[in-house]
Amino acid sequence: MGAISISQFLTLYSWFPLAILLVFLLLIARFYERFAGEPTYFRLFVVPIVLFGTATVRYSSIDQIGGDMLADLLLGAGGVTLVVLCVLLYWLMTRNR
């Protein structure tokens, strides 16, 4: 088993701040659901975390930053899922204001 390159390390390391931000969004959605009594589907915020993490591991395993079809599709699916969840949460939290 060989040593990992700097690019692989940075690719994997970049996922952690993203995961922390997404967990923070999950906690905001959970807080709102508990105190407002409206479903925010906060558990679905795990889906983008997993998709982004899988894409990051894929990129790291092939030692590339881009150009892999599977990892690109995973990133795209994670991004679309995240946008939909964020817009839904925003709409739920601001519709009565």
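Notes on the structure follow. (Residues numbered from 1 in each chain as written. Predicted model: local features only at pLDDT ≥ 70, side-chain atom pairs only at ≥ 80, totals over all residues. Heavy atoms only, no water.)

Section: helix 2 (residues 46-62)
Working note: α-helix, 3.6 residues per turn, so residues spaced by three or four point in the same direction. Spelled out, the test is: Going along the chain from the N terminus, every DSSP run of H or I of four or more residues is numbered as a helix, and every run of E of two or more is numbered as a strand. One less than the number of residues in a helix, times 1.5 Å, gives the span that helix is expected to have. Buried, partly exposed and exposed residues are distinguished by accessible area as a fraction of the type maximum, computed with a 1.4 Å probe on protein chains only: under 20%, between the cut-offs, and over 50%, respectively. Should any heavy atoms of two residues lie within 4.5 Å, those residues are counted as being in contact.
Taking 1.5 Å of rise per residue, 17 residues should cover 24 Å, and helix 2 covers 25 Å from first to last C-alpha, within 8% of that figure. Within helix 2 the residues assigned to the buried category are Pro48, Ile49, Leu51, Phe52, Gly53, Ala55, Thr56, Tyr59 and Ser60. Tucked inside the fold, the buried residues of helix 2 contact helix 1 (6-36) and helix 3 (69-94). Looking one or two residues past helix 2, Asp63 carries a phi angle of roughly 55°, positive in sign.

Structural notes on the pattern of salt bridges
Note the threshold: Think of a salt bridge as a Lys or Arg side-chain nitrogen and an Asp or Glu carboxyl oxygen that are within 4 Å of each other.
This model, assessed by the stated rule, comprises two salt bridges. The residue Arg58 makes a salt bridge to Asp68 at a minimum N-O spacing of 2.6 Å. On the criterion of sequence distance, the pair formed by Arg58 in helix 2 and Asp68 in the loop between helix 2 and helix 3 is long-range, its members being ten residues apart. For Arg58, a relative accessible area of 30% translates into the label partly exposed. Residue Asp68 is classed as buried on the basis of its relative accessible area of 12%.

Looking at the packing of aromatic side chains
To be explicit about the condition: Here is the rule: rings of Phe, Tyr and Trp (six-membered ring for Trp) pair when centre to centre is within 6.5 Å. Planes less than 30 degrees apart are stacked, more than 60 are edge-to-face, and the remainder are tilted.
This structure, assessed with the given rule, holds three aromatic pairs. With centroids separated by 6.0 Å and ring planes inclined at 15°, the aromatic side chains of Phe9 and Tyr13 adopt a geometry described as stacked. A residue pair is termed a helical-turn pair when its members lie 3 or 4 positions apart in one helix, as Phe9 and Tyr13 do in helix 1 at four residues. Look at Phe31 and Phe35: their rings are 4.6 Å apart centre to centre, the planes differ by 50°, and that puts the pair in the tilted class.

Here's the deal with the packing of helix 1 against helix 3
Cut-off, in case you're wondering: Note on method: axes are straight lines fitted to C-alpha atoms, helices fitted across the in-contact stretch only, with angles between N-to-C directions ranging 0 to 180 degrees. By definition, turning the near helix anticlockwise from the far helix through less than a right angle yields a left-handed crossing, and turning it clockwise yields a right-handed one. All amino acids are sorted into three groups, where Ala, Val, Leu, Ile, Met, Phe, Trp, Tyr, Cys and Pro are nonpolar, Asp, Glu, Lys and Arg are charged, and the leftover types, Gly among them, are polar.
Between helix 1 and helix 3, the least distance of the axes is 11 Å, while the angle of their chain directions is 35°. For the pair helix 1 and helix 3, the crossing hand works out as left-handed. Along its contact with helix 1, which presents Leu22, Leu25, Ile28, Ala29 and Tyr32, the element helix 3 presents Leu82, Cys86, Leu89, Leu92 and Met93. In terms of residue class, the contact of helix 1 with helix 3 is made up of ten nonpolar, no polar and no charged.

Quick word on the packing of helix 1 against helix 2
Applicable threshold: Oblique is the label for every angle not falling under 35 degrees (roughly parallel), over 145 degrees (roughly antiparallel), or within 65 to 115 degrees (roughly perpendicular).
Contact geometry for helix 1 and helix 2: axes closest at 9 Å, N-to-C directions at 180°. With respect to helix 2, the element helix 1 is oriented roughly antiparallel. Only Val46, Pro48, Ile49, Phe52, Gly53, Thr56, Val57, Tyr59 and Ser60 of helix 2 make contact with helix 1, whose side of the interface consists of Gln8, Thr11, Leu12, Trp15, Leu18, Ala19, Leu22, Val23 and Leu26. Here the contact of helix 1 with helix 2 is composed, by residue class, of 13 nonpolar, five polar and no charged.

Overview of a nonpolar patch on the surface
The test is simple: In this analysis, a patch consists of residues with relative accessible area above 30% that form no salt bridge, clustered at 9 Å for like charges and at 5 Å for the nonpolar side chains Val, Leu, Ile, Met, Phe, Trp and Tyr. Note on areas: these come from Shrake-Rupley sampling with a 1.4 Å probe, and a residue is covered only by the protein chains present in the view.
On the surface, a cluster of nonpolar side chains totalling about 680 Å² of accessible area is made up of Ile4, Ile6, Phe9, Leu10, Tyr13 and Phe16. By the element assignment, Phe16 lies in helix 1. Residue class for Phe16 comes out partly exposed when judged on its relative accessible area of 46%.

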